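# Reading the structure
Given next are the chains, with one letter for each unit.
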Amino acid sequence: MTKGQFRMLRSGVAGVEAVAAATRHSFPRHTHQQYGIGLIHQGAQKSHSGRGMVEARAGDTITVNPGEVHDGAPIGDAGRTWTMLYFDPPVIAEAARDLKESGTALCEFPRPVISDARLAGVFERLFRAMTKDQDSAAAIHREELLLMLLAQVYREQGRSEQRQTIPGAIRRAQDLIDDAPTAAVTLADLAQTSGLSRFQVLRGFARATGLTPHAYLIQRRIDLARQLIAGGSPLAEAAAASGFADQSHMTRTFVRTYGISPGAYAGAVI
């Protein structure tokens, strides 16, 4: 297995991204703006998630919520392979409304790793339907499978643990970055906004969000770059508009965080 083999596949469905990976790459802590559901096919990985430290092995379904800080590293030298579907929040919200009508109480995805062969089977069928099925019945098939998948994922919510609430002072510092992710911001700025000392901001931010203020700022810039690229912006323009020094800087950050280049991402979503 090479250091990293990533493919972004056209899903054929607006608001859904599909990724297939075989890699030994260790991902730094980062977030996604989408919901993610995937399946480990070979090997194993360990990761810090917003719901604790977990391990996932072949046959396990993995999930991530929008904004949830997580990383990922292989267990052993062989690496791991997986497939993943990322859903824009409105896609999940629409499906969730249907599930609520059926009496299923919904929240964020409750567990980062689920060991359930039936769930894995439904995911594999959905991934195949999203990326390969092109016949006239594909749309209704995808809708059915997504609802079946989410119903099984949410069945795990009784076993989940409540996630930490971000303190108000740290939330104010977070909002300062969110409101202007391309602006130059210092720890002194965050301290003034939050009413804390610079060290208190640094320590409290990392505890509450899983990222240092600098890492959070870079993540917000990557999020902005992804939005611009998906909207058709040329890569150089997206880099400049999202606060990166140049296109090369954006590319290095993109690859380190997600395993794919901005160009590969553009080719799959535009």
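Here, the structure is the one placed above.
A brief structural summary. (Residues numbered from 1 in each chain as written. Predicted model: local features only at pLDDT ≥ 70, side-chain atom pairs only at ≥ 80, totals over all residues. Heavy atoms only, no water.)

The subject of this paragraph is the overall build of the protein. Helix and strand counts for the protein come out as ten helices and nine strands. In terms of overall dimensions, the protein is globule-like: its C-alpha atoms have a radius of gyration of 19 Å, near the 18 Å expected for 270 residues. Counting only C-alpha atoms, the protein reaches 55 × 40 × 40 Å along its principal axes. In the protein, which comprises 270 residues, the share counted as buried stands at 46%. Counted over contacts in the protein with a minimum sequence separation of 6, partners at least 24 positions apart contribute 68%. Total accessible area on the protein stands at roughly 13100 Å², and carbon and sulfur atoms take up 50% of it. (Helix = DSSP H or I, 4+ residues; strand = E, 2+ residues; numbered from the N terminus. Rg over C-alpha atoms; globule rule 2.2 N^0.38 Å. Buried < 20%, exposed > 50% of the residue type's maximum accessible area, 1.4 Å probe, protein only. Contact = heavy atoms within 4.5 Å. Areas by Shrake-Rupley, 256 points an atom, 1.4 Å probe, with all protein chains shown as cover.)

Examined bridge by bridge, strand E4 (residues 35-49) and strand E8 (residues 80-87) share eight bridges and lie antiparallel to one another. Residue pairing across strands places Gly 38 opposite Met 84, the latter belonging to E8. The pairing of E4 with strand E6 (residues 61-64) spans four bridges and is classified as antiparallel. For Ile 37, the partnering residue across the bridge sits in E6 and is Thr 63. (Pairing = 2+ DSSP bridges.)

Between helix H7 (residues 213-230) and helix H9 (residues 247-258), the least distance of the axes is 11 Å, while the angle of their chain directions is 100 degrees. Considering the angle they form, H7 stands roughly perpendicular to H9. Taken together, the residues of H9 that come into contact with H7 (itself represented by Ile 218, Gln 219, Ile 222, Asp 223, Ala 225, Arg 226 and Ile 229) are Met 250, Thr 253, Phe 254, Thr 257 and Tyr 258. Residues that form the contact of H7 with H9 fall into these classes: seven nonpolar, three polar and two charged. (Axes fitted to C-alpha atoms, helices over the stretch in contact; angles between N-to-C directions. Parallel < 35°, antiparallel > 145°, perpendicular 65-115°, else oblique. Nonpolar A, V, L, I, M, F, W, Y, C, P; charged D, E, K, R; others polar.)

When the terminal C-alpha atoms of helix H6 (residues 198-209) are compared, their 16 Å separation across twelve residues agrees well with the 16 Å that a helix rising 1.5 Å per residue should span. All buried positions along H6 are accounted for by Val 201, Gly 204, Phe 205, Ala 208 and Thr 209. Within H6, the buried residues cover an arc of 105 degrees as seen down the axis, which keeps them to one side. Among the exposed residues of H6, those oriented more than 90 degrees off its buried face are Phe 199 and Arg 207. On its buried side, H6 packs onto helix H4 (168-179), helix H5 (187-194) and H7. Backbone geometry just after H6 places Gly 210 at a positive phi near 85 degrees. (Expected span 1.5 Å × (residues − 1). Arc of directions from axis to C-beta.)

Below, the discussion takes up the nonpolar core. Grouped together as the largest cluster of nonpolar side chains are 28 residues, with contacts concentrated most on Phe 6, Trp 82, Met 84, Ile 229, Met 250, Phe 254 and Ile 260. For this core, the leading source of residues is H7, giving four residues. When neighbours within four sequence positions are excluded, Phe 6 is seen to be in contact with Val 19, Ala 20, Ala 21, Thr 23, Phe 27, Trp 82, Tyr 258, Gly 259 and Ile 260. Ala 120, Phe 123, Met 130 and Tyr 154 belong to the second largest nonpolar core, which has 27 residues in total. (Core = buried A, V, L, I, M, F, W, Y, C linked by side-chain atoms within 4.5 Å.)

Right, let's get into the pairing of strand E7 (residues 70-74). In terms of burial, E7 is a largely internal element, four of the five residues being buried. Note: strand E3 (residues 27-30) against E7, two bridges, orientation antiparallel. Considered in E7, the bridge of Phe 27 is made with Gly 72.

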